[in-house]
Amino acid sequence: WHQFIFDADSELNWIQEHIPAATATEYGKNLVDAQNMHAKHKKFAQELSGHQPMIDKVVATGENLLLAKHFARDEIADKKQEVKEAWRDLLAKSAGRKDALDLNLRKQKFMSEATDVEGMISEKLQVVSSADYGREENAAEKLLAKHKTMETDLRACEALVKNLRDQSSKLM
């Protein structure tokens, strides 16, 4: 039973060491940071998943000692429960961080796309605001062709704006 207590305390220490990673509140201020933090948390979640067998082993050892009606069953039951609760808490905090990182990643993607569309619109606005209509027929035909291309670009831009509007309503 001493080995069980030692192993349980070791797992509790391991869990405590990993609480800061599960409760960090920095999510990334731009798309690249958000993507990096998302990837880092994915590795963290894999580490937790890989550690599950150790937790299961300690809990199973405690169960076996309880089934054997060990004389220190109250202490064993308490320690087993402490490990289970600490593990459950770590997993819940990790899941909460994942949800927050997912939301922030969607937000940062939205902001990046919105900035791109805004730049595209500003660029097109400068072109359509021009007072140049062409001084001769050849120049006017080139401007007309440019205008037709711009109309196509604006239809594409309209689809992007609609997509952004849909994304924004999902973020609310």
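Source: prediction; values computed, not measured.

S.K.: Help me get a handle on the packing of aromatic side chains, residues and values and all.
M.R.: This structure, assessed with the given rule, holds two aromatic pairs. An angle of 80 degrees between the planes, with centres 5.8 Å apart, marks the rings of W1 and F71 as edge-to-face. With a gap of 70 residues between them, W1 in the segment before α1 (2–23) and F71 in the loop between α2 (31–67) and α3 (73–128) connect regions that are remote in the sequence. In this structure W1 comes out as partly exposed when scored by relative accessible area, which is 24%. Between W14 and W87, the aromatic rings sit 6.2 Å apart at their centres with planes inclined by 40 degrees, giving tilted as the arrangement. Of this pair, W14 sits in helix α1 while W87 sits in helix α3, placing them 73 residues apart in sequence. Among the residues examined, W87 registers a relative accessible area of 5% and is labelled buried.

S.K.: An account of the environment of Q35 is requested, with residue identities and associated values reported.
M.R.: When you line up the elements, Q35 lands in helix α2. Along the backbone, Q35 and D102 are 67 residues apart, and their C-alpha atoms lie at a distance of 9.4 Å.

S.K.: Summarise the packing of α1 against α3; cite the residues concerned and give the values.
M.R.: The geometry of α1 relative to α3 is characterised by a closest axis approach of 10 Å and an angle of 20 degrees between their N-to-C directions. With respect to each other, α1 and α3 are oriented roughly parallel. Considering only the axes of α1 and α3, their crossing is left-handed. Looking at the contact of α1 with α3, its residues break down into 14 nonpolar, three polar and eight charged.

S.K.: Outline helix α4 (residues 137–171), supporting the account with residue identities and numerical values.
M.R.: Its 35 residues give α4 an end-to-end C-alpha distance of 50 Å, which sits within 8% of 51 Å, the value for a rise of 1.5 Å per residue. Taken together, the buried positions of α4 are occupied by M150, C157 and L164. Tucked into the core, α4 has its buried residues touching α3.

S.K.: Please give an account of the packing of α3 against α4 that cites residues and values.
M.R.: Packed helix pairs are specified by the crossing angle of their axes together with the interaxial distance, meaning the distance between the axes. Taken N-terminus to C-terminus, the directions of α3 and α4 make an angle of 155 degrees; their axes are 10 Å apart at the nearest point. One way to sum up the angle between α3 and α4 is to call them roughly antiparallel. Crossing handedness for the pair α3 and α4: left-handed. From α3, L103, R106, K107, F110, E113, A114, V117, M120, I121, K124, V127 and V128 reach across to α4, where they touch M150, D153, L154, C157, L160, V161, N163, L164, Q167, S168 and L171. Partitioning the contact of α3 with α4 into residue classes produces 15 nonpolar, three polar and five charged.

Rules used in this analysis
- Residue numbers restart at each chain and count upward from 1, following the sequence in its written direction.
- In keeping with the model being predicted, local features are shown solely for residues with a pLDDT of at least 70 and side-chain atom pairs are shown and tallied solely at 80 or more, while totals for entire chains, interfaces and linings include all residues.
- Excluded from the side-chain calculation are hydrogens and water; included are all heavy atoms of the structure.
- Working definition: rings of Phe, Tyr and Trp (its six-membered ring) pair if their centres are within 6.5 Å, and the pair is stacked with planes under 30 degrees apart, edge-to-face with planes over 60 apart, and tilted otherwise.
- Helix numbers and strand numbers start at the N terminus; a helix is a DSSP run of H or I with at least 4 residues, a strand a run of E with at least 2.
- Each residue gets one of three labels from its accessible area relative to the maximum for its type: buried under 20%, exposed over 50%, partly exposed in between, using a 1.4 Å probe on protein chains only.
- Axis definition: a line fit to C-alpha positions, over the contact stretch in the case of helices; interaxial angles, taken between N-to-C directions, run 0 to 180 degrees.
- If an angle is under 35 degrees, it is roughly parallel; if it is over 145, roughly antiparallel; if it lies from 65 to 115, roughly perpendicular; otherwise it is oblique.
- It is the rotation of the near helix from the far one that decides the hand of a crossing: anticlockwise by less than a right angle makes it left-handed, clockwise makes it right-handed.
- Ten residue types, Ala, Val, Leu, Ile, Met, Phe, Trp, Tyr, Cys and Pro, are classed as nonpolar, four, Asp, Glu, Lys and Arg, as charged, and the remainder, Gly among them, as polar.
- Here a helix's expected span is defined as the number of its residues, less one, multiplied by 1.5 Å.
- We call two residues contacting when some pair of their heavy atoms lies within 4.5 Å.

Purely spatial values, then, with no claim about function.
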